[in-house]
Structure formats: C-alpha cells, structure tokens
Amino acid sequence: MPAPSVVASTFARVQRRTISTLVLTAVALVLALPAMWGVATANSDLQHTRTTVNGIPVTLIQPTAAAPGRPAVIMLHGFAASSVIMEPLGRVLARAGYIVALPDQRGHGANSNAASIDDTTRPDLQVDLGIIRDWLVQQPGVDAARIGLVGHSMGAGAVVRFAIDNPDQSAGTVSLSLPDATPVLNRPTNLLLLYGANEPERFQIAAQQQLDLLQPAGVEGTRYGDFAVGTAVEVQVIPAVEHITIIWSDTTAQLMLDWLDSSMQQRGAPVADLDQAWLWLLLFLVAGGLLAVPLARILFGPNRPAIAQKSVRGWQGLVITLGSAIAGVVVLGLIPQNVTGVLPVAVAGYLAGWFLLMAIVVAVTLRFVGSLPRREYGPPDLRGILASSGFALAVTALMVVSARVTWATTAFVGPRWWVSVVLALSLFAYFYADAVLVSRPSRRWRIGLLIGYRVIITVVLLAAVALLGAPSILTLLIPFMVLLFAVLGFFAIVVSNYTGLRFAPAIVQSLPLAAIIGSGFPLIV
C-alpha cells in the first residue's frame, strides 16, 4: 500500500493538472468567443450570397435594403488567396451603399479552372473579369454606368489591365500592390495605386512606373487629373503594412472608399468600417494553442514519456539541416522546372521534392555516421499513434477553419485532394527525420533547435530563389510559411511533452501544412 505522503503528492499533482486544464480551456474559450462572434455577425447587416457565374464562384455582398441605381464594384484577390481575404474591404463598400462582387479567380479558392503562375495579366483573367462585369450589371439595383474595380497583387494587375483596355467599362479603379506596370494604350478612368511601406521594392517601383506612364514626372502623394472627366490618378503609400496586411489596413479601406465615392459621385459612409479579420485569425490561433495542452493530456494520458539522455548534439543538427537544405535546392536547381512542376498546385512539386530530398539526406547521414548519438524512442504503441493522428486532425481543422474565415476558401476541388496526400507523405518524411534532430530531454533546447532549423530552411529557400532559379513566388509566400512553421512548431513541442514517438511531431506538422498548401495554393497549368 502506498505511503500517505505518496498518495497526497499524487492527489495534489492530479489536482493541479485538473485546475490548469480547466483554466486553459476557459481562457481559450474567452479568446475564441470574440472571434466567433465577429465571424458570425460580419454580414449580419448585409446581404451575403454565393453563386457561380460561367464556372466562376462569386460572392455577392450588398446592403439589405433594396434600392435602384446603386454603384457596384468587382474585387479581385491576389495569388494564393481567395475572395475570402477581400471580404472585409467588400463589406466596407457594401455598408457604404455599394453592391460588391468577389470572384474566386482561376485556380484559387473554389474555382477548379487552372491558372498560370507566371502571367498576372494574361487574356483569360481579362475574359473572366469581363464575364463577371457583364453578369454584375444585370443584377437588380446595379447602376451599369457606375462600376468600379479593386484588386490586390495579381488581382491588381488584372484590374489595371482591364481598366486600360476598357476605359469605358469602369468608373474608377483601386490597385493594391500592383506587381508590374501595364503599358498604357488607353487612359484608365480614375486610377488609385496603393502599396505598403514594408513591401518589397518592386511594388513601389511598379506603382511609380504606372504613374509615370499616365503622368510623366508625377510624384507620390499628389493627385493629378479630374474625377469629373475620369482622368484622376494618384499613388499613395500605406504605412506600417506589407504585402498581406495592406488588405487589413484601415488606411487602405478609407482611401479606397474615398476614391470610389469621388469617382462615382457616391455619398457613402464618411468613415470606413473595416472588420478586424487579422484579429480574428490571431484569436483563433491563440485559443487553439491554449486548447492544445488539455487536448494532448486527454489523448495521450497523464504520464509523460521517459526520455533517454542520448541526442544529436545541437551543432551537429544545425550542420545536418543546413547541409540537407542546400543539397535539396542544388539538386532541384539541376532538374528542369517541368519536372518539379509535375504537381498541379503552385510550388507544391518544388516543396514536395525539396522536403523529401532533405529527409533522405538527414536519414542517410544518421544511418552512416555512427558516431552521432540520438534520442532513443520506445516501440510504437496503438494509443500513441491514434492520439497523434487525432491531435494532427484537430490542428488541421483549426488551421483550415481559421484560414477559411479570414483569407482562403481552402476547398479540395479538382486534383487538390491527391496533391495534398503526396505533399503530406513528403512532408512527413522530412518532419520524421527532423524529430530525431530536434528531440532531447530539455524542452528549452527543443524549442531553440526547432527555431534554428526553421530559420535555416527559410534562409536557404530565399537563397534558392535568388541564386538557383527556385519559383520566385516563394519570396511572397515566405512570411506566410514562417507563420505556419511557428504555429506548427508550437504544436509539435506540445505533443513531444506527452509522447516519445517520432510519429507524433511528424504528423502534427506534415498533415496541416499539406492541407493548407494543397487546398489553398493555386491550381496551375
């Protein structure tokens, strides 16, 4: 029979664990509720419908009160996003009296038609935009003479080209983060060019070049031309934002609303009412992080794993990670792009090949360099595998739902499902090998090494774009991938506290990352 002191100690430990579990759950709910409320009520004062126009999924947002002769706007999202990311700006306009159409562009969101990764102003984007415009002017309450255009990044290139080619079909255009200037065959009607202060320099250059084509020697911050005759043009920089957060900026929303109001002689709301979608995303992720600990305790049980003292030394792991990352990008640099682009989702083939090559290099190194000690794991057990899989599914659901209500539709249309499976297998191989390098008894060391390894991966990937011909779009996706690495790394650390299985951190990182890339990145030809 255990001694009373042992019983008391065990009871106290269980009590502390129960209390901490309840506290974490309560705090998570407190954080999640405002985000859930924001999502649930975002369109409560508006009419929000989804439809399909000639195979193009379209969201239509408009005031609930019917009225004739309302101005209308078409809003186009950027690369690797969907109409969801533009909805906060769309609601700003709808609350000011506009009817707003937000399509999922080719290869994006729920649109199963493939896109081109290289050309942001190609004819098929113009054709699709023309189809949406022709459909929009037929909608009840729309004033066909007052149609505006708003686009971000790839969408900015599309709307600027359309406004130049069809100056009589838009009353005003707002470009956010124009990727490249468009030759001016006709003067677009009332064009506003916005870019973020923290974006790559190419976006500032593109905006200035577009201004120079319309107003030689024009300067940023000065308005030229006349709204009444459709010749207004201006370039503005949005402070303290980069390529994504420019969409969620109050300054962006206000400048957009003021410009379109002036272009269409519309008396809208004096102050733009922008939803804080970025805050909803942050709250969802933080709440999910807090709930991860109680969930892990439930799935894996209360007992922490016994961890052997042997581990790969930190500097050895850094060298192995650096060597494997460099080897991967060098090999891929020697392979024709039509091979690395075999998967029909943008950069999926490159990333799948890269992570798989890194996994092979790490495995071979650990296999043949016998002097490298490493953490020993116990044999797999059914509960551990099921618990790891359940935890990974929960994290995947969190990531997909968070994305779906803030920036991407994350729809598994067309070949996306099998691309996600291929990605998951490749990523699992790498994260399984990575678990050997990261794992050790000290949680502090695990966190430090995980951060170090992810920094190496990010730096090597950027270098590969600059020096070895890796897909250039990766430079714009790096901030997004860094966020994913950070979030998934946290969940990997959580599960490593409750199991010694390599399977656990591997599947917890690979499955959500594959789902986000496979369902959110564009389908390409």
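Our structure is the block above this text.
Residues numbered from 1 in each chain as written. Predicted model: local features only at pLDDT ≥ 70, side-chain atom pairs only at ≥ 80, totals over all residues. Heavy atoms only, no water.

(A) Looking closely at the sheet that holds strand β1 (residues 46–53). Strand order across the open sheet formed by eight strands is β1-β2-β4-β3-β5-β6-β7-β8, with mixed pairing between neighbours. Across the chains shown, the open sheet's two edge strands, defined by having one partner strand only, are β1 and β8 (233–238). Mean inter-strand twist for the sheet, computed between neighbouring axes without regard to direction, equals 20 degrees. As defined by bridge partners, strand β6 (residues 172–176) adjoins strand β7 (residues 191–196) across four bridges and the pair is classed as parallel. When the bridges of β7 are listed, Val174 appears paired with Leu192. The strands touched by helix α6 (residues 250–264) within the sheet are β3 (70–76), β5 (142–152), β6, β7 and β8, with β6 carrying the most contacts at an inclination of about 165 degrees. (Pairing = 2+ DSSP bridges. Helix = DSSP H or I, 4+ residues; strand = E, 2+ residues; numbered from the N terminus. Axes fitted to C-alpha atoms, helices over the stretch in contact; angles between N-to-C directions. Contact = heavy atoms within 4.5 Å.)

(B) Representation of the nonpolar core within the structure. Ranked by internal contacts, the top residues of the largest apolar core, which has 151 residues, are Met75, Leu136 and Trp354. Top element by residues in this core is helix α14 (residues 474–496). It accounts for twelve residues. Not counting residues within four places of it along the chain, the set of residues in contact with Leu136 comprises Leu60, Ala72, Val73, Ile74, Ile99, Ala101, Val142 and Ile147. Counting residues in hydrophobic clusters, the runner-up holds eleven residues, among them Leu366, Ala433, Leu437 and Ile493. (Core = buried A, V, L, I, M, F, W, Y, C linked by side-chain atoms within 4.5 Å. Buried < 20%, exposed > 50% of the residue type's maximum accessible area, 1.4 Å probe, protein only.)

(C) Geometry of the packing of aromatic side chains. Taken as a whole and judged by the stated rule, the model has nine aromatic pairs. Relative to Phe355, the ring of Trp354 has its centre 5.3 Å away and its plane inclined at 55 degrees; by these criteria the two rings are tilted. As far as burial versus exposure is concerned, Trp354 and Phe355 are alike and both buried. Taken together, the ring pairs connect Trp354, Phe355, Tyr430 and Phe431 into an aromatic cluster. In this structure, Arg202 is placed above the aromatic ring of Phe203, and the distance from its NZ or CZ to the ring centre is 5.0 Å. (Phe/Tyr/Trp six-rings, centres within 6.5 Å; stacked < 30°, edge-to-face > 60°. Lys NZ or Arg CZ within 6 Å of the ring centre and 35° of its normal.)

Geometry only, nothing functional implied.
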